[in-house]
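Letter by letter, the chains look like this.
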Amino acid sequence: MQVWRVVDDLVCTRRVPGMSSASLRVLKGQKGEISVATDPVGVPPGKWVFTAAGTAARMAMPDRTVVTDLTICGIIDGWEEE
Amino acid sequence: MQVWRVVDDLVCTRRVPGMSSASLRVLKGQKGEISVATDPVGVPPGKWVFTAAGTAARMAMPDRTVVTDLTICGIIDGWEEE
Amino acid sequence: MQVWRVVDDLVCTRRVPGMSSASLRVLKGQKGEISVATDPVGVPPGKWVFTAAGTAARMAMPDRTVVTDLTICGIIDGWEEE
Amino acid sequence: MQVWRVVDDLVCTRRVPGMSSASLRVLKGQKGEISVATDPVGVPPGKWVFTAAGTAARMAMPDRTVVTDLTICGIIDGWEEE
Amino acid sequence: MQVWRVVDDLVCTRRVPGMSSASLRVLKGQKGEISVATDPVGVPPGKWVFTAAGTAARMAMPDRTVVTDLTICGIIDGWEEE
């Protein structure tokens, strides 16, 4: 599972039907790369989180039929930027 | 889910039967890498989008039997190139 | 789906039983990386192609039980090296 | 399967329900990249391990319904840092 | 499918039950990266091989319940280091 910092909410008014009710967050990785994840936890910007990819991303959602390949699984306590 | 800019349509006259009816787009990533995705949204060139990979790529298609490993899931509002 | 140029056939006399009847091609990616894919299309060396990975690689084969994680899905028309 | 060194336990008080009982470890890869894995073996910090990703990560857990995409599968004997 | 050179056997006395009977090899990739794969072919060190990842890694094993995400699928004839 990868480690990211939550940067912001993703604003996206036009999307496929399968993900219409999911909260989306913009994440920044350890090398500055940007990704987008579904968020069942409710994480505010600035927090460090870890994510599950692939099938596990859907298992981590309350509704497992949501179209996602990356989901925030937890907030990391006391993580320092490296 | 990854973030890309739509560059162009993909012109491909010879393809496997399983993807014959899908619209294909050429995408450019944050580091200039090129990829190809199926597009159920109908995105014009120049827009920033995010994609789902793997099984989620097929879940995002109206017809889930289409052969794809990357599908455009939504258009991002107000994205600035980084 | 990734973009590659077909370099050559792969010569491999000793392989696992699950892939014994599949045609294999050596591919070169945009950064010079080398990979191997199954080819249900019949692509000659020098052509640019795109591939599907994972489960989609098996869905793209006429026989879906072939052991593969990368399959050529189509020949790209008029692609220029970038 | 990838090779990592175990750095520490992951402290995470707020996480999704699907992974609540799993032990989590922080791993450092060969290029210094950081990742998080579930640990059914019980590995102390400093040891070199290898991991399985994707569906295999869940198959390696005693409880296969745990939400994970990376699981420690074994401790490597006598591994030298490269 | 990726291309690797077999470096050595992996010595690992403590591992998860799901992979207890599988032969493990240490592989070195084109950029010097190290990985670990299950080996149903029986490949001696020094040979160039190609591997299948993900579900295909398990399909390539005689026993498909073995916990693995990377399996050697064949020995490449006459491969030159690039």
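In case you missed it, the structure is sitting above this.
Residues numbered from 1 in each chain as written. Chains lettered and ligands numbered in written order. Predicted model: local features only at pLDDT ≥ 70, side-chain atom pairs only at ≥ 80, totals over all residues. Heavy atoms only, no water.

Engineer: Mind showing me how you'd approach the interface of chain E and chain C here?
Structural biologist: By a widely used convention, the size of an interface equals the accessible area lost when the partners come together. Listed as interface residues are 23 residues of chain E and, on the opposing side, 23 residues of chain C. Here chain E packs against chain C, burying approximately 1,800 Å² in sum over the two surfaces, 61% of which is carbon and sulfur. The largest share of the area that chain E buries against chain C comes from Met1, Met59 and Asp77 of chain E, three residues that together contribute 36% of it. Counting every contact that joins chain E to chain C gives zero salt bridges. Across the chain E-chain C interface, the total number found is 10 residue pairs in polar contact (both at pLDDT 80 or more). (Contact = heavy atoms within 4.5 Å. Buried area = accessible area lost by both parts, 1.4 Å probe. Salt bridge = Lys/Arg side-chain N within 4 Å of Asp/Glu carboxyl O. Polar contact = N/O pair within 3.5 Å; in protein donor to acceptor, adjacent residues only side chain to side chain.)

Engineer: Explanation requested: the packing of aromatic side chains in the structure shown.
Structural biologist: Where two aromatic rings form a pair, the distance of their centres and the angle of their planes describe that pair. Residues and elements named next belong to chain D. The full count for this structure, using the stated rule, is five aromatic pairs over all chains. Pairing Trp48 with Trp79 gives two aromatic rings, centres 6.4 Å apart and planes at 35°, and the pair type is tilted. On the criterion of sequence distance, the pair formed by Trp48 in strand β5 (residues 48–53) and Trp79 in the segment after β6 (70–75) is long-range, its members being 31 residues apart. Judged by relative accessible area, Trp48 falls into the buried class, the value being 11%. (Phe/Tyr/Trp six-rings, centres within 6.5 Å; stacked < 30°, edge-to-face > 60°. Helix = DSSP H or I, 4+ residues; strand = E, 2+ residues; numbered from the N terminus. Buried < 20%, exposed > 50% of the residue type's maximum accessible area, 1.4 Å probe, protein only.)

Engineer: Help me out: how do you make sense of the relation of the copies chain E and chain C in this one?
Structural biologist: Note: a rotation about an axis with an accompanying shift along it relates these two copies of the chain. Mapping chain E onto chain C is achieved by rotating through 72° and translating by 0.0 Å along the same axis, at an RMSD of 0.0 Å. Each copy turns onto its partner about a five-fold axis. For chain E, the smallest separation between a C-alpha atom and the rotation axis is recorded for Gly54 of chain E, amounting to 5.8 Å. (Least-squares fit on C-alpha atoms with pLDDT ≥ 70 in both.)

Engineer: It is not clear to me how the arrangement of the chains should be interpreted in this structure. Could you clarify?
Structural biologist: Between chain A and chain C there is no contact, and the shortest C-alpha to C-alpha distance separating them is 11 Å. Separated throughout, chain B and chain E approach each other most closely at a C-alpha pair spaced 11 Å apart.

Engineer: What's the story with the interface of chain D and chain E in this structure? I'm lost.
Structural biologist: Of the residues lining the interface, 23 residues belong to chain D; the matching set on chain E comes to 23 residues. Roughly 1,800 Å² of surface becomes buried between chain D and chain E when both sides are summed, with 61% attributable to carbon and sulfur atoms. Of all residues in chain D, the largest losses of buried area upon contact with chain E belong to Met1, Met59 and Asp77 of chain D, amounting jointly to 35% of the total for that side. Applying the counting criterion to the chain D and chain E interface returns zero salt bridges. Applying the counting rule to chain D against chain E returns 10 residue pairs in polar contact (both at pLDDT 80 or more). For the side of chain D that touches chain E, the per-class residue count stands at 15 nonpolar, six polar and two charged. With two bridges joining them, β6 of chain D and strand β2 (residues 14–15) of chain E adopt antiparallel strand pairing. By the bridge assignment for β2 of chain E, Ile75 of chain D is matched with Arg14 of chain E. (Nonpolar A, V, L, I, M, F, W, Y, C, P; charged D, E, K, R; others polar. Pairing = 2+ DSSP bridges.)

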